[in-house]
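Each chain, letter by letter, is given below.
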Amino acid sequence: MTQTNKIALVSGANRGIGEAVATGLAREGVHVLMGCRDLAKGEAAAAPLKAEGLQVTPVQLDVTDAASVAALANQIADTHGRLDILVNNAGVGLDFVPDLSPVEKVEQTLAINVVGGLRLTEAMVPLLAVSAHPRIVNVSSELASFGLRHDPDWEHHDKILPTYAASKAAVNALTVSQAAALADKGIKVNAICPGYTATAATNFMPDRTPEQAAVIVLRMALLDDEGPTGGFFNDQGELPW
Ligand SMILES: NC(=O)c1ccc[n+]([C@@H]2O[C@H](COP(=O)([O-])OP(=O)(O)OC[C@H]3O[C@@H](n4cnc5c(N)ncnc54)[C@H](OP(=O)(O)O)[C@@H]3O)[C@@H](O)[C@H]2O)c1
């Protein structure tokens, strides 16, 4: 590998939006580390990409497991010595899971969407800090936008997912704080909404594809040095918090 290859880590890359982001980044010439809880699923997702000649490497990653995250940070340090792009994509929505109390839903959702993403970011910051153009993309949701939720004409006004929305609001708050805290290391941190997209998480509703959802992630992952930090975007532009 040459020094010009960017190295990216995408969490939850074995399916859905994460898989599309990994594919899109690899097609831009990035060497993508595909973070997967189950390495066998990662190998299966990576196989067609490797057959296409893309540089992808499945890596074991459970963001709720401190040992898994630490082992991956050590692996990346030993193999690459740096990380250029971190996409915090892994996430769940548990609002419609029966037999879970509201407290259990919040505890379990925050453990993955908020604490898990933060754990991964903290572990990767030393590796991002030695990159020439380090970027973090936090995959959030418009459902976390207080501004949009207060608009009765907003197209998703009828979608009530209290736990999920709270978790992504926390992701947004962390994004602002991380952007400020990491600015002196040159690390740009932005939150994005991929849009309501057909994946396992949405029972494959509606028609929007993971490839369409990945567009804004790729844009923020490959941001130039004049690009924004500490913002919240979808593919149409900036979103209200
Ligand atoms: N689809 C939408 O409409 C939509 C809209 C806005 C935002 N988003 C966000 O986009 C992101 C991707 O969602 P998606 O729709 O692609 O969902 P998905 O198909 O359910 O994929 C979620 C991914 O996260 C992984 N994951 C779950 N828990 C994990 C953990 N503890 N550690 C590491 N990975 C874990 C899953 O791995 P396993 O396969 O092992 O479970 C899977 O790879 C999420 O953050 C979601 O909140 C989605």
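Residues numbered from 1 in each chain as written. Predicted model: local features only at pLDDT ≥ 70, side-chain atom pairs only at ≥ 80, totals over all residues. Heavy atoms only, no water.

- Looking at an unreviewed UniProt entry, one finds the protein chain named NAD(P)-dependent dehydrogenase (Short-subunit alcohol dehydrogenase family), with Rhodovulum adriaticum as its source organism.
- Database annotation for the protein chain, UniProt heading Sequence similarities (unreviewed entry): "Belongs to the short-chain dehydrogenases/reductases (SDR) family." (UniProt positions renumbered as here; feature names shortened; annotations may be inferred.)

Describing the environment of A8
Next up, step 1: As for its placement among the helices and strands, A8 is situated in strand β1 (residues 7-10).
Next up, step 2: Along the chain, A8 and A22 lie 14 residues apart, while their C-alpha atoms are 8.4 Å from each other.
Next up, step 3: Setting aside its immediate chain neighbours within four residues, A8 contacts L25, V30, H31, V32, L33, L83 and I85. (Helix = DSSP H or I, 4+ residues; strand = E, 2+ residues; numbered from the N terminus. Contact = heavy atoms within 4.5 Å.)

With respect to the side chain of H156
Next up, step 1: Counting through the fold element by element, H156 comes out in the loop between α5 (146-149) and α6 (162-182).
Next up, step 2: Within polar-contact distance, the side chain of H156 engages the side chain of K159 at 2.8 Å.
Next up, step 3: The residues contacting H156, other than those within four sequence positions of it, are E142, L143 and Y196. (Polar contact = N/O pair within 3.5 Å; in protein donor to acceptor, adjacent residues only side chain to side chain.)

Side note on the sheet that holds strand β4 (residues 85-88)
Next up, step 1: Sheet architecture is open: eight strands sit in the order β3-β2-β1-β4-β5-β6-β7-β8, paired in mixed fashion. This sheet does not close on itself; its edge strands, each paired only once, are β3 (56-60) and β8 (237-238).
Next up, step 2: In the sheet, strand β7 (residues 232-234) pairs with β8 via two bridges, with the strands oriented antiparallel. Counterpart to F233 in the pairing with β8 is E238.
Next up, step 3: With respect to the sheet, α6 is in contact with β5 (135-139), β6 (188-192) and β7, its orientation differing from that of β6 by roughly 165°. (Pairing = 2+ DSSP bridges. Axes fitted to C-alpha atoms, helices over the stretch in contact; angles between N-to-C directions.)

Looking at the nonpolar core
Note on soluble globular proteins: their nonpolar side chains tend to be buried together.
Next up, step 1: Core analysis: the largest hydrophobic core is formed by 32 residues, its most contacted members being V21, L25, V32, M34 and V87.
Next up, step 2: Put simply, the parts of the chain that give this core at least two residues each are β1, α1 (16-27), β2 (31-36), α2 (39-51), β4, β5 and α7 (210-221).
Next up, step 3: Ranked by the residues each element gives to this core, the list is headed by α7, at seven residues.
Next up, step 4: Those residues in contact with L25 that lie beyond four places of it in its chain are A8, V10, V30, V32, I85, V87, L218, A221 and L222.
Next up, step 5: Judged by nonpolar contacts, the second largest core, of 23 residues, contains L9, I112, A179 and V189. (Core = buried A, V, L, I, M, F, W, Y, C linked by side-chain atoms within 4.5 Å. Buried < 20%, exposed > 50% of the residue type's maximum accessible area, 1.4 Å probe, protein only.)

Here we look at the pattern of salt bridges
Next up, step 1: Going through the model one piece at a time under the given rule, you end up with five salt bridges.
Next up, step 2: The shortest N-O distance in the salt bridge between E52 and R27 comes to 2.7 Å. Here the residue E52 occupies a position in the loop between α2 and β3, and R27 occupies one in helix α1, the gap between them amounting to 25 residues.
Next up, step 3: Looking at E52, the relative accessible area reads 42%, which means it is partly exposed.
Next up, step 4: Since its relative accessible area comes to 53%, R27 is described here as exposed. (Salt bridge = Lys/Arg side-chain N within 4 Å of Asp/Glu carboxyl O.)

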